[in-house]
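The primary structure of each chain is shown beneath.
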Amino acid sequence: MSAILLADAGLRTLPCHHYPNGFSRIQNCHNLFFDLKWHHSLIHKRFSTKKRKSVYASAWPDRSRLVVFSCMGGDSSEDFTNHFDDGDGSPGKIKVLEIGENELLAAREALSESRAREEAIEKERDKLLEELARAEVKQQEYMAAIMHDKELAVAELEAAKALFHQKLQESVEEKFNLESRLVLAKQDAVELAVQVEKLAEIAFQQATSHILEDAQLRVSAAETSAAEAAYQIEEQIRIATEGTIVSIVKQSKDAIEKTLAVAQAAGDHTEKLMAAFTDYLNPLEEIVSIKSQNVKLQDAVTDLESQLLGSKNEIGRLKLELEQTMQRANAYELQARNAEKEVHDFQESTRKAVLQQEEEVRILLEKVKKDSVDKRKAASKAFKVELETIKAAVEAAKEAARSKDEAYMRRCEALQRSLKAAEATSETWRRRAEMAESLLLKQVPLSERDEDAIYVVNGGRIDLLMDDDSQKWKLLSDGPRREIPDWMARQIRSIRPKFPPRKTGLPEARFSNFKTLELPIPDEVWSIAQEKTKEDDTLVEHVMEKEIIEKKRKALERALQRKTIKWQRTPEETKLEPGTGTGREIVFQGFNWESWRRKWYLELAPKAADLSRCGITAVWFPPPTESVAPQGYMPSDLYNLNSAYGSWEELKYCIEEMHNQDLLALGDVVLNHRCAHKQSPNGVWNIFGGRLAWGPEAIVCDDPNFQGRGNPSSGDIFHAAPNIDHSQDFVRRDIKEWLNWLRNDIGFDGWRLDFVRGFSGGYVKEYVEASNPAFAIGEYWDSLAYEGGNLCYNQDSHRQRIVNWINATGGTSSAFDVTTKGILHSALHNQYWRLIDPQGKPTGVMGWWPSRAVTFLENHDTGSTQGHWPFPREKLTQGYAYILTHPGTPVVFYDHFYDFGIRDTITELIEARRRGGIHCRSPIKIYHAHNDGYVAKIGDTLVVKLGHFDWNPSKEVDLDGSWQKFVDKGIDYQLWLRQ
């Protein structure tokens, strides 16, 4: 629809507004049709492609007036011109609306008011946007200040670190002049420094992360509030526009009513003219014409009445809609006021929040600086104290060395005296032999007097010297010392583990850097290096007494522990199977990804007593062999057990400590691949060294990187190292010999088999049957099923692959229950329905083959410093409450037990498992599993509840017996034991 405005004095156009669909009927009602004769030219302006409107002012004979034309569809310009050229006076498509000048002025005033309101709203909106921009700039300034302070703090920490390393270097330089005691103490100081540095970094990271997270949240909240304010401003603009439209419609309605009145007056005037005209006609014709005109007039009147009635109905409807529109306009205006108030409140709250945030940031920065200064002072003070301790220890070591040298000197003097006595005795024997020979040669019988003379000459001691029990005879034959027993050697090594060993060979002793005593030649007497402990040595007796007391104390502790903590095992409980152990095993992974950086065997050995006391039954050791990677999972020489974790002697000592505490030692063996020692003529690393000097024939032929000449692989390819061909007889024979060597000579009790997806489970069965381990676990790692980034409920295919591998081993090995770990990640976040399958069983391998399922939450790959698949930290206690109370064999990770502060929680859950008599085959009945929680009974004596589900045993109809709450951790988990 197009619009044209024609006036006597010129042309003016009203602004064109795009109205909502709700006003379409109001626009259509303006189209009242009147035939007019025009005396002015037309001026047309296009506003849209489908609807156009033209308004013009025309000079009537009596007064100035406004006429509105409207046409629909097509080319409005051509239609408009054609209808103006039509002179027959018949109604066409042109629709004329007569509007008074006063109404036009009122409309213009309303429009100007609307424009003023719109401009005011636009100014308010611009003001709000400017304030938002200023807030964002200020926020960026805060962020820049925070980052600058962070850099300053980091620089201060780096300076402290540099100063600390400088002091540490000075202590290292001093170390080379000290004995081995200083070396050990320096290592302790380095570890303390690393821990201080890590704690400082962790504290700073936690503080800055909280600040940044809070700032980001506040920025997000400000952006959201600004967006809401902009939306409310746009709503105000739309409401104001709609109010303007309503006012124009109202004025148009009034004009329509006035036009109808004018039309009625014109009709009356036409009737009067017709009456006057008919006075001049023939009466007959007049009658006929009057009748015909009367009929026409009646029809016209009827049409006009119908049109008037329709117009009145339409006007009533428009009035109703207008009232509704006015109500909505009032409501919109109220909302606009509320929005303005909310914007003001938001500005005030934003200002207060910014000020509060500035204060918090300032306080936090001051706190960080203060903490860093305090930590530096504490670290410096601790370092000084540690240096004093080291110096005192060095002085004590020097004093001990001096005392030992003095003792050796006294013993050497005693030996020299003994040698002189032996020489004198030899000389006496020589003289006596000569005298006896002379007597024999003379053949003179001795009289009693002569015999007495001989005894007098001998001093009456010849019988004493010939006695086998003589102490001097023992001194001459065995030496003054006895062999050092093994227990005493271990005790000496534990007290002074870093002192250099005594030299056993003369050439080695001559070229040693250590000062040795001036001793007699070994051929003349005996080797000082092979001296034995002196029986009446006070120091040795003290050490022996102390060792006996320590043994009695440990025996008493073990006896008390068996009575108070450990269960009394029945014969069937002590029966070992490779796939399950005793069925009541609780495995402890005794390392993480960074353990190789320290002498791990010496650090792990003292923890054996603590682990046994807490209920652990087996300890999983790191890979023991020499490896290209320090973590041990790229082995090279299988028989070389000197690894980054320690020497083979330290490994045997650690295993022995585990056995002393009745703990099984599980070795981590890598059978799938092995790193070569040499390159082939083609430049490929496929020649192995060491005791197992294999060639390319020991590598599978489908390994794309190492040109193996063996058979195709029976599993997946590990691309980082040559994959071993287990189908070769010599390979299987060598591996079985190596495993038996680890079992019999080193002391391992079982295996953790790495990357078993790389070769068939049938070979695992052969290796297990040959080495007869107490327990074997396979790492069959596979991806779970996901859909749209979310974990699928049905994981049967995943656990079926693990069960298939266990079945391939003939059940001789268990496997890690990766399915249960993946499901727990999602289930413990109020999705406990994932813990039950359609058959009412657990959804992991635990639900299908629990005796071969080894459940865990994290290991050195998923957690530690690698963090490939870390378990949610806030759900760790819930996770351990699940695996330690359910069937299967649970595994406890080193970091969780000793570094995460939940050692007592895990120990409490292990005690609950022991009291409930839970083992790897315990039956399970799940009562509830939904969003609110999880309830299950394991065995006959233990009930566990997870989540915030309000439940206790008295509420369950099918749960009989009397139950006592053993552990209550609120909404995390609760445990009940049958009384």
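Quantities reported herein were computed from a predicted structural model and do not represent experimental measurements. (Residues numbered from 1 in each chain as written. Predicted model: local features only at pLDDT ≥ 70, side-chain atom pairs only at ≥ 80, totals over all residues. Heavy atoms only, no water.)

1. Observations concerning the overall build of the protein
For clarity, the threshold we go by: Numbering of helices and strands runs from the N terminus, with a helix taken as a DSSP run of H or I at least four residues long and a strand as a DSSP run of E at least two residues long. Type-normalised accessible area, obtained with a 1.4 Å probe on protein chains alone, sets the label of each residue: buried when under 20%, exposed when over 50%, and partly exposed for intermediate values. Only heavy atoms matter for contacts: two residues are in contact if any of them lie within 4.5 Å across the pair. Here the open area of atoms and residues is found with the Shrake-Rupley method and a 1.4 Å probe, where only the protein chains shown may cover a residue.
Per the secondary structure count, the protein includes 23 helices and 21 strands. Counting only residues that meet the buried cut, the protein has 39% of its 979 residues in that class. Long-range pairs, those at least 24 residues apart, make up 71% of the contacts in the protein with a sequence separation of at least 6. Of the roughly 54900 Å² of accessible surface on the protein, a fraction of 53% belongs to carbon and sulfur atoms.

2. Details of the pairing of strand β18 (residues 933–938)
Keep this limit in mind: Paired strands, as defined in this entry, are two strands with at least two bridges between them according to DSSP.
Within β18, six of the six residues are buried, which leaves it mostly tucked inside the rest of the structure. Here β18 shows a buried face lined by Gly933, Val935 and Lys937 and a second buried face lined by Tyr934, Ala936 and Ile938. Relative to β18, strand β17 (residues 924–929) runs antiparallel, the two being bridged by five bridges. Its bridge partner lying in β18, Ile926 is registered against Ala936. What sits between β17 and β18 in their antiparallel hairpin is a turn of three residues. Direction of pairing for β18 relative to strand β19 (residues 942–947): antiparallel, over a ladder of six bridges. Directly across from Val935, in β19, lies its bridge partner Lys945.

3. With respect to unusual backbone geometry
The backbone of Phe755 sits at a positive phi, close to 45 degrees, despite the residue not being glycine. You can see Phe755 is positioned in the loop between β10 (750–753) and α17 (761–771). Under the relative-accessibility criterion, Phe755 is labelled partly exposed at 21%. If you check the backbone angles, Ser864 has positive phi at about 50 degrees while not being a glycine. For Ser864, the position within the fold is in the loop between β15 (853–855) and α21 (876–883). Under the relative-accessibility criterion, Ser864 is labelled partly exposed at 25%.

4. As for the environment of Ile699
With respect to the helices and strands, the residue Ile699 is situated in the loop between β9 (685–687) and α16 (729–746). When the C-alpha positions of Ile699 and Pro722 are compared, they lie 6.2 Å apart, and in sequence the two are 23 residues distant.

5. Considering the packing of aromatic side chains
Applicable threshold: Only Phe, Tyr and Trp rings take part, Trp by its six-membered ring, and two of them pair if their centres are within 6.5 Å. Stacked means planes under 30 degrees apart, edge-to-face means over 60, and tilted covers everything else. Sitting over a ring, as applied to charges here, requires NZ of Lys or CZ of Arg to be within 6 Å of the ring centre and within 35 degrees of the ring normal.
In total, this model carries 24 aromatic pairs according to the counting rule given. With 5.6 Å between their ring centres and 80 degrees between their planes, Trp951 and Trp976 make a pair best called edge-to-face. In this pair, Trp951 is assigned in the loop between β19 and β20 (963–968) and Trp976 in strand β21 (residues 973–978), connecting sequence segments 25 residues apart. Linked through ring pairs, Phe591, Trp620, Trp781, Phe816, Phe856 and Trp869 together constitute an aromatic cluster. Positioned above the aromatic ring of Tyr780, the side-chain terminus of Arg757 is 5.9 Å from the ring centre. A cation over an aromatic ring shows up here: Lys821 above the ring of Trp869, its NZ or CZ 4.8 Å from the ring centre.

6. Some thoughts on the sheet that holds β17
Selection criterion: Note on definitions: angles span 0 to 180 degrees between N-to-C directions of axes, and those axes are lines fitted to C-alpha atoms, for helices only across the stretch in contact.
Across the sheet, which stays open at both edges, the five strands sit in the order β17-β18-β19-β21-β20 with antiparallel pairing between neighbours. At either end of the open sheet lies a strand with only one pairing partner, and these are β17 and β20. Across the sheet, the axes of successive neighbouring strands diverge by a mean angle of 20 degrees, strand direction being ignored. Contacting β18, β19 and β21, α21 crosses the sheet at an angle of about 150 degrees to β19.

7. Quick notes on the pattern of salt bridges
What counts here: Salt bridges, as used here, are contacts in which a Lys or Arg side-chain nitrogen is within 4 Å of a carboxyl oxygen on Asp or Glu.
As enumerated under the stated definition, the model contains 25 salt bridges in all. With a closest N to O distance of 3.2 Å, Arg732 and Glu766 form a salt bridge. Taken together, the positions of Arg732 in helix α16 and Glu766 in helix α17 put the pair 34 residues apart, joining distant regions of the chain. In this structure Arg732 comes out as buried when scored by relative accessible area, which is 15%. Under the relative-accessibility criterion, Glu766 is labelled partly exposed at 25%. The partner of Arg914 in a salt bridge is Glu911, with the nearest N and O atoms 2.6 Å apart.

8. Section: helix α23 (residues 903–915)
Which entries qualify depends on this criterion: Any helix carries an expected span of 1.5 Å times its number of residues minus one.
Helix length check: α23, at 13 residues, gives a terminal C-alpha distance of 18 Å against a target of 18 Å (1.5 Å per residue), a fit within 8%. Among all positions of α23, only Thr905, Ile906, Leu909, Ile910, Glu911, Ala912 and Arg913 are buried. Packing partners of the buried residues in α23 comprise α21, β16 (889–893), α22 (894–898), β20 and β21. Positive phi appears at Gly917, one or two residues downstream of α23, with a value of about 65 degrees.

9. Details of the UniProt feature "coiled-coil region" (unreviewed entry) in the protein
Put simply, the rule is: UniProt positions are given in the numbering used here, feature names are shortened, and annotations may be inferred rather than shown by experiment.
The UniProt record marks residues 111–145, 287–349 and 539–566 with the feature "coiled-coil region" (unreviewed entry), using the residue numbering of this structure. Strand forms 0% of residues 111–145 and helix 100%; the C-alpha atoms that close the span are 50 Å apart.

10. Quick notes on the side chain of Glu657
On the secondary structure map, Glu657 appears in helix α15 (residues 648–660). Among all residues touching Glu657, those that are not within four sequence positions of it are Ala605 and Ala608.

11. Observations concerning the nonpolar core
The following threshold applies: Definition used in this section: a nonpolar core is a set of buried Ala, Val, Leu, Ile, Met, Phe, Trp, Tyr and Cys residues joined via side-chain atoms within 4.5 Å.
With 115 residues, the main nonpolar core has Phe621, Tyr880 and Leu946 as its most contacted residues. Sequence-distant contacts of Phe621, defined by excluding residues within four places in its chain, comprise Phe591, Tyr601, Leu604, Leu651, Cys654, Ile655, Met658, Ala665, Leu666, Gly667, Asp668 and Phe748. Residues Tyr927, Val935, Phe949 and Trp951 belong to the second largest nonpolar core, which totals eight residues.

12. Describing the confidence of the model for the protein
How we decide: Per-residue confidence from the predictor is given as pLDDT, running between 0 and 100.
A residue-level look at the protein finds 66% of positions with pLDDT of 70 or above and a mean pLDDT of 76. The low-confidence segment residues 1–98 (pLDDT under 50) makes 177 contacts with residues lying over four places distant or belonging to another chain.

13. Some thoughts on the environment of Leu753
Within the fold, Leu753 resides in strand β10. The class for Leu753 is buried, based on a relative accessible area of 5%. The spacing of Leu753 and Ser814 is 61 residues in sequence and 10.0 Å in space, taken between C-alpha atoms. Other than its neighbours up to four places away in sequence, Leu753 contacts Val669, Leu671, Val764, Ile777, Gly778, Glu779 and Ser813.

14. Considering the sheet that holds β15
With parallel pairing, eight strands are arranged side by side around a closed barrel as β5-β6-β7-β10-β11-β14-β15-β16. Averaged over all adjacent pairs, the angle separating strand axes in this sheet is 25 degrees, with direction ignored.

15. What about α17?
What counts here: Think of it as the arc spanned by the lines of direction from the helix axis to the C-beta atoms. Polar contact is the term for a pair of N or O atoms within 3.5 Å; when the atoms are in protein, one must be able to donate a hydrogen and the other to accept it, and sequence-neighboring residues count only if both atoms are side-chain atoms.
Taken as a whole, α17 has its buried residues at Gly761, Tyr763, Val764, Tyr767, Val768 and Ser771. Seen end-on, α17 carries its buried residues on one side only, within an arc spanning 150 degrees. Structurally, α17 contributes buried residues whose contacts are with α16, β10, β11 (776–778) and α18 (796–808). Regarding α17, its N-cap is Ser760, as a side-chain oxygen of that residue lies 3.1 Å from the backbone nitrogen of Gly762 further along.

16. Looking at the packing of α21 against α23
To be explicit about the condition: If an angle is under 35 degrees, it is roughly parallel; if it is over 145, roughly antiparallel; if it lies from 65 to 115, roughly perpendicular; otherwise it is oblique. We call a crossing left-handed when the near helix sits turned anticlockwise from the far one by less than a right angle, and right-handed when that turn is clockwise. Each residue receives one of three labels: charged for Asp, Glu, Lys and Arg, nonpolar for Ala, Val, Leu, Ile, Met, Phe, Trp, Tyr, Cys and Pro, and polar for the others, Gly being one of them.
Two elements in contact, α21 and α23, have axes separated by 10 Å at closest approach and are oriented at 20 degrees. Comparing their axes, α23 and α21 come out roughly parallel. Between α21 and α23 lies a crossing whose hand is right-handed. Of the residues in α23, those in contact with Thr877, Tyr880, Ala881 and Ile883 of α21 are Thr905, Ile906, Leu909 and Arg913. When grouped by side-chain class, the residues that make up the contact of α21 with α23 number five nonpolar, two polar and one charged.

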